[in-house]
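Results of the structural survey
Listed below are the residues making up each chain.
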Amino acid sequence: DNGLYARLKLLSEASGLPCPGLHTLRHSIATHLMQRGMKITDIAKFLGHTTTESTQLYTHIAHAI
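Here's a quick rundown of the structure. Keep in mind that what you see is a predicted model, and the values were worked out from it rather than measured.

1. Some words on the side chain of Thr-55
Topologically, Thr-55 is positioned in helix H4 (residues 52–55). Exposure remark for Thr-55: the relative accessible area of 0% places this residue in the buried category. Among the polar contacts made by the side chain of Thr-55, one reaches the side chain of His-49 at a distance of 2.6 Å. Excluding its chain neighbours within four sequence positions, the residues that come into contact with Thr-55 are Ile-40, Ile-43, Ala-44, Leu-47 and His-49.

2. Considering the packing of helix H2 (residues 22–35) against helix H3 (residues 40–47)
Two quantities define a packed helix pair, namely the angle between the helix axes and the distance between the axes. At their nearest, the axes of H2 and H3 sit 10 Å apart, and the two run at 155° to each other. Compared by their axis directions, H2 and H3 come out roughly antiparallel. With respect to the hand of their crossing, H2 and H3 are arranged in right-handed fashion. Residues Arg-26, Ile-29, Ala-30, Leu-33 and Met-34 of H2 form the contact with H3, whose own contacting residues are Ile-40, Ile-43, Phe-46 and Leu-47. The residue inventory of the contact of H2 with H3, partitioned by class, reads 8 nonpolar, no polar and 1 charged.

3. A few points about the environment of Lys-45
Its place among the elements puts Lys-45 in helix H3. The class of Lys-45 is exposed, set by a relative accessible area of 65%. Between the alpha carbons of Lys-45 and Thr-55 there is a distance of 9.3 Å; along the sequence they are 10 residues apart.

Cut-off values and rules
Residues numbered from 1 in each chain as written. Predicted model: local features only at pLDDT ≥ 70, side-chain atom pairs only at ≥ 80, totals over all residues. Heavy atoms only, no water. Helix = DSSP H or I, 4+ residues; strand = E, 2+ residues; numbered from the N terminus. Buried < 20%, exposed > 50% of the residue type's maximum accessible area, 1.4 Å probe, protein only. Polar contact = N/O pair within 3.5 Å; in protein donor to acceptor, adjacent residues only side chain to side chain. Contact = heavy atoms within 4.5 Å. Axes fitted to C-alpha atoms, helices over the stretch in contact; angles between N-to-C directions. Parallel < 35°, antiparallel > 145°, perpendicular 65-115°, else oblique. Left-handed = near helix turned anticlockwise from the far one by under 90°. Nonpolar A, V, L, I, M, F, W, Y, C, P; charged D, E, K, R; others polar.

See below:
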């Protein structure tokens, strides 16, 4: 995980944009997958959620965009 975060931080510094946290990255990936039609049950598995209740927090973001 430190390797991924270090790379993300390096890229954000090079771009001049603020570095998002890993939680923000997870939200972005989940929202993108949902917008592309991936089933919520599959997203839950991808994120390591045991139920879709946690994953449903992403649905209001995906539908707002």
